Amino acid sequence: MRATLENAARTLGLALSDTQIDQLLAYLALLQKWNKVYNLTAVRDPAQMLSHHLVDSLSALPPLLRHGAPARLMDVGAGGGLPGVVIAICCPSTDVSCVDAVAKKATFIQQVAAELKLPNLHGMHSRVEQLATEAFGVITSRAFASLLDFATLTRQHLAPGAVWMAMKGQHPTDEIAALPADVEVFHVEQLTVPGLDAQRCIVWMRPR
(Lines give C-alpha, C1' and ligand atoms only; values in the text may rest on other atoms or scores of the structure.)
Protein backbone atom coordinates (compact mmCIF):
# COMPACT_ATOMS: atom_id res chain seq x y z
CA MET A 1 0.00 0.00 0.00
CA ARG A 2 2.70 2.47 1.01
CA ALA A 3 4.83 1.83 -2.07
CA THR A 4 1.79 2.15 -4.35
CA LEU A 5 0.81 5.44 -2.73
CA GLU A 6 4.35 6.84 -2.86
CA ASN A 7 4.68 5.86 -6.54
CA ALA A 8 1.33 7.47 -7.37
CA ALA A 9 2.33 10.70 -5.59
CA ARG A 10 5.64 10.76 -7.48
CA THR A 11 3.88 10.14 -10.81
CA LEU A 12 1.58 13.08 -10.06
CA GLY A 13 4.58 15.27 -9.24
CA LEU A 14 3.60 15.67 -5.59
CA ALA A 15 6.37 16.05 -3.02
CA LEU A 16 4.66 14.54 0.02
CA SER A 17 6.48 14.11 3.32
CA ASP A 18 6.68 10.79 5.18
CA THR A 19 4.24 12.25 7.71
CA GLN A 20 1.73 13.07 4.96
CA ILE A 21 2.01 9.55 3.51
CA ASP A 22 1.49 8.17 7.04
CA GLN A 23 -1.59 10.38 7.49
CA LEU A 24 -3.07 9.32 4.13
CA LEU A 25 -2.63 5.64 5.03
CA ALA A 26 -4.06 6.23 8.53
CA TYR A 27 -7.06 7.96 6.92
CA LEU A 28 -7.53 4.96 4.61
CA ALA A 29 -7.46 2.63 7.64
CA LEU A 30 -10.10 4.76 9.41
CA LEU A 31 -12.24 4.77 6.26
CA GLN A 32 -12.10 0.97 6.14
CA LYS A 33 -12.86 0.64 9.86
CA TRP A 34 -15.82 3.07 9.94
CA ASN A 35 -17.15 1.83 6.59
CA LYS A 36 -18.13 -1.48 8.18
CA VAL A 37 -20.62 0.31 10.40
CA TYR A 38 -21.39 3.62 8.66
CA ASN A 39 -21.41 2.62 4.97
CA LEU A 40 -19.31 5.63 3.91
CA THR A 41 -18.41 4.17 0.51
CA ALA A 42 -19.60 1.29 -1.68
CA VAL A 43 -15.97 0.30 -2.29
CA ARG A 44 -14.91 -2.36 0.21
CA ASP A 45 -11.59 -3.69 -1.07
CA PRO A 46 -8.59 -1.84 0.49
CA ALA A 47 -6.59 -1.81 -2.77
CA GLN A 48 -9.60 -0.41 -4.64
CA MET A 49 -10.13 2.18 -1.91
CA LEU A 50 -6.54 3.26 -2.46
CA SER A 51 -6.86 3.64 -6.25
CA HIS A 52 -10.52 4.71 -6.62
CA HIS A 53 -10.62 7.09 -3.66
CA LEU A 54 -7.23 8.14 -2.33
CA VAL A 55 -5.18 8.33 -5.54
CA ASP A 56 -8.23 9.59 -7.45
CA SER A 57 -8.49 12.50 -5.00
CA LEU A 58 -4.72 13.06 -5.06
CA SER A 59 -4.94 13.59 -8.83
CA ALA A 60 -6.83 16.84 -8.19
CA LEU A 61 -3.95 18.23 -6.14
CA PRO A 62 -1.60 19.33 -8.97
CA PRO A 63 -4.37 21.33 -10.74
CA LEU A 64 -5.44 22.89 -7.42
CA LEU A 65 -1.85 23.85 -6.55
CA ARG A 66 -1.31 25.31 -10.02
CA HIS A 67 -4.42 27.42 -9.52
CA GLY A 68 -3.09 28.44 -6.10
CA ALA A 69 -4.09 26.63 -2.90
CA PRO A 70 -6.79 28.78 -1.27
CA ALA A 71 -6.83 29.93 2.35
CA ARG A 72 -10.26 28.28 2.70
CA LEU A 73 -11.83 25.42 0.73
CA MET A 74 -15.26 23.81 0.98
CA ASP A 75 -15.89 20.20 -0.06
CA VAL A 76 -19.63 19.76 -0.68
CA GLY A 77 -21.34 16.40 -0.31
CA ALA A 78 -18.04 15.28 1.18
CA GLY A 79 -19.23 11.78 2.14
CA GLY A 80 -16.25 9.99 3.63
CA GLY A 81 -14.03 13.05 3.01
CA LEU A 82 -13.02 12.75 -0.61
CA PRO A 83 -11.32 14.89 -1.75
CA GLY A 84 -11.54 17.17 1.32
CA VAL A 85 -9.51 15.09 3.79
CA VAL A 86 -6.83 14.40 1.17
CA ILE A 87 -6.55 18.14 0.44
CA ALA A 88 -6.37 18.95 4.18
CA ILE A 89 -3.51 16.46 4.65
CA CYS A 90 -1.55 17.60 1.59
CA CYS A 91 -2.22 21.37 1.95
CA PRO A 92 -1.85 22.10 5.68
CA SER A 93 -2.11 25.86 5.09
CA THR A 94 -5.60 25.46 3.57
CA ASP A 95 -8.56 25.39 5.98
CA VAL A 96 -10.92 22.67 4.68
CA SER A 97 -14.62 22.38 5.56
CA CYS A 98 -16.26 19.08 4.54
CA VAL A 99 -20.02 19.56 4.36
CA ASP A 100 -22.47 16.67 4.25
CA ALA A 101 -26.22 16.38 4.92
CA VAL A 102 -25.67 12.98 6.61
CA ALA A 103 -24.68 13.39 10.27
CA LYS A 104 -22.60 10.19 10.53
CA LYS A 105 -20.43 11.31 7.59
CA ALA A 106 -19.71 14.71 9.16
CA THR A 107 -18.98 12.91 12.47
CA PHE A 108 -16.50 10.65 10.69
CA ILE A 109 -14.66 13.70 9.28
CA GLN A 110 -14.45 15.18 12.78
CA GLN A 111 -13.02 11.88 14.03
CA VAL A 112 -10.40 11.89 11.25
CA ALA A 113 -9.44 15.47 12.15
CA ALA A 114 -9.03 14.49 15.82
CA GLU A 115 -7.14 11.22 15.29
CA LEU A 116 -4.79 12.57 12.61
CA LYS A 117 -4.33 15.90 14.42
CA LEU A 118 -5.51 18.04 11.50
CA PRO A 119 -6.55 21.42 12.93
CA ASN A 120 -7.33 22.63 9.37
CA LEU A 121 -10.05 19.98 8.79
CA HIS A 122 -13.70 20.39 9.83
CA GLY A 123 -16.72 18.11 9.38
CA MET A 124 -19.96 20.08 9.05
CA HIS A 125 -23.39 18.46 9.22
CA SER A 126 -25.72 20.57 7.09
CA ARG A 127 -27.36 20.88 3.73
CA VAL A 128 -25.09 23.34 1.94
CA GLU A 129 -27.95 25.69 1.02
CA GLN A 130 -28.85 25.98 4.73
CA LEU A 131 -25.31 26.68 5.89
CA ALA A 132 -24.55 30.12 7.32
CA THR A 133 -22.94 32.13 4.54
CA GLU A 134 -19.14 31.99 4.69
CA ALA A 135 -16.60 32.85 2.01
CA PHE A 136 -14.39 30.17 0.43
CA GLY A 137 -11.69 30.59 -2.22
CA VAL A 138 -12.44 27.22 -3.83
CA ILE A 139 -15.59 25.09 -3.59
CA THR A 140 -15.12 21.52 -4.73
CA SER A 141 -17.24 18.41 -5.11
CA ARG A 142 -16.74 14.85 -6.28
CA ALA A 143 -19.81 13.02 -7.60
CA PHE A 144 -22.06 15.36 -5.58
CA ALA A 145 -24.66 16.64 -8.05
CA SER A 146 -25.09 18.07 -11.53
CA LEU A 147 -22.96 21.14 -12.31
CA LEU A 148 -26.14 23.24 -12.32
CA ASP A 149 -27.19 22.11 -8.83
CA PHE A 150 -23.62 22.35 -7.53
CA ALA A 151 -23.25 25.98 -8.71
CA THR A 152 -26.76 27.01 -7.64
CA LEU A 153 -26.59 25.54 -4.14
CA THR A 154 -23.12 26.85 -3.27
CA ARG A 155 -22.91 30.22 -5.03
CA GLN A 156 -23.51 32.26 -1.85
CA HIS A 157 -20.38 30.71 -0.33
CA LEU A 158 -17.94 31.90 -3.03
CA ALA A 159 -15.50 34.59 -1.96
CA PRO A 160 -14.81 37.40 -4.47
CA GLY A 161 -12.65 35.94 -7.26
CA ALA A 162 -13.32 32.36 -6.08
CA VAL A 163 -13.86 29.34 -8.33
CA TRP A 164 -15.71 26.04 -8.43
CA MET A 165 -13.66 22.86 -8.93
CA ALA A 166 -15.99 19.99 -9.88
CA MET A 167 -14.45 16.52 -10.12
CA LYS A 168 -16.20 14.47 -12.79
CA GLY A 169 -15.74 11.25 -14.75
CA GLN A 170 -16.36 11.67 -18.45
CA HIS A 171 -16.52 15.16 -19.97
CA PRO A 172 -20.01 16.34 -18.81
CA THR A 173 -21.07 18.01 -22.07
CA ASP A 174 -24.80 17.98 -21.26
CA GLU A 175 -24.28 19.34 -17.75
CA ILE A 176 -22.12 22.19 -19.08
CA ALA A 177 -24.80 23.02 -21.68
CA ALA A 178 -27.41 23.24 -18.88
CA LEU A 179 -25.50 25.91 -16.92
CA PRO A 180 -26.98 29.43 -16.78
CA ALA A 181 -25.37 32.30 -18.69
CA ASP A 182 -23.93 33.80 -15.49
CA VAL A 183 -21.72 30.73 -14.82
CA GLU A 184 -18.59 30.44 -16.95
CA VAL A 185 -16.72 27.18 -17.52
CA PHE A 186 -13.19 28.48 -18.08
CA HIS A 187 -11.35 25.16 -18.24
CA VAL A 188 -12.10 21.44 -18.44
CA GLU A 189 -8.95 19.65 -17.30
CA GLN A 190 -8.41 15.99 -18.12
CA LEU A 191 -6.87 13.98 -15.27
CA THR A 192 -4.71 10.88 -15.43
CA VAL A 193 -5.07 8.83 -12.26
CA PRO A 194 -2.08 6.49 -11.68
CA GLY A 195 -3.26 2.88 -11.52
CA LEU A 196 -6.83 3.69 -12.56
CA ASP A 197 -8.04 3.08 -16.09
CA ALA A 198 -11.00 5.46 -16.08
CA GLN A 199 -11.89 8.86 -17.46
CA ARG A 200 -11.58 11.72 -15.00
CA CYS A 201 -11.69 15.49 -15.39
CA ILE A 202 -12.04 18.70 -13.41
CA VAL A 203 -14.56 21.29 -14.55
CA TRP A 204 -13.35 24.73 -13.46
CA MET A 205 -16.13 27.34 -13.20
CA ARG A 206 -16.60 30.88 -11.96
CA PRO A 207 -19.43 33.42 -11.87
CA ARG A 208 -19.43 35.80 -14.84
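Read on for a plain summary of the structure. The structure displayed is predicted, hence computed values, not measured ones.

Turning our attention to the side chain of Q20. Its location among the elements puts Q20 in helix 2 (residues 18–38). Classification of Q20 as buried rests on a relative accessible area of 12%. Ignoring any residue separated from it by four or fewer positions in sequence, one finds Q20 in contact with A15, I89, C90 and P92.

Where helix 1 (residues 2–11) meets helix 2, the closest approach of the two axes is 11 Å, and the angle between their N-to-C directions is 120°. What the angle tells us is that helix 1 and helix 2 run oblique. At the point where helix 1 passes helix 2, the crossing takes the right-handed sense. Counted together, R2, L5 and E6 of helix 1 and D18, I21, D22, L24 and L25 of helix 2 form the full contact between these two elements.

What follows concerns helix 1. By the burial criterion, the buried members of helix 1 are L5, A8 and A9. Looking down the long axis of helix 1, one finds its buried residues gathered within 100° of arc, a one-sided arrangement. Away from its buried face by more than 90 degrees, helix 1 exposes R10 and T11. G13 lies just past helix 1 and shows a positive phi near 80°.

Per the counting criterion, the structure on display carries zero disulfides. Sulfur of C91: no disulfide; nearest cysteine sulfur belongs to C90 and is 6.2 Å away. Take C91: its relative accessible area is 4%, and that puts it in the buried class.

Moving on: unusual backbone geometry. The amide bond that connects L82 to the next residue, P83, takes the cis arrangement and shows omega of 10°. Within the fold, P83 resides in the loop between strand 1 (72–76) and helix 5 (84–90). At K117, a position not held by glycine, the phi torsion is positive, near 55°. Residue placement: K117 occurs in the loop between helix 6 (103–115) and strand 3 (121–125). Looking at K117, the relative accessible area reads 68%, which means it is exposed. Phi at A143 is positive, roughly 55°, even though this residue is not glycine.

Parameters and conventions
Residues numbered from 1 in each chain as written. Predicted model: local features only at pLDDT ≥ 70, side-chain atom pairs only at ≥ 80, totals over all residues. Heavy atoms only, no water. Helix = DSSP H or I, 4+ residues; strand = E, 2+ residues; numbered from the N terminus. Buried < 20%, exposed > 50% of the residue type's maximum accessible area, 1.4 Å probe, protein only. Contact = heavy atoms within 4.5 Å. Axes fitted to C-alpha atoms, helices over the stretch in contact; angles between N-to-C directions. Parallel < 35°, antiparallel > 145°, perpendicular 65-115°, else oblique. Left-handed = near helix turned anticlockwise from the far one by under 90°. Arc of directions from axis to C-beta. Disulfide = S-S within 2.5 Å.

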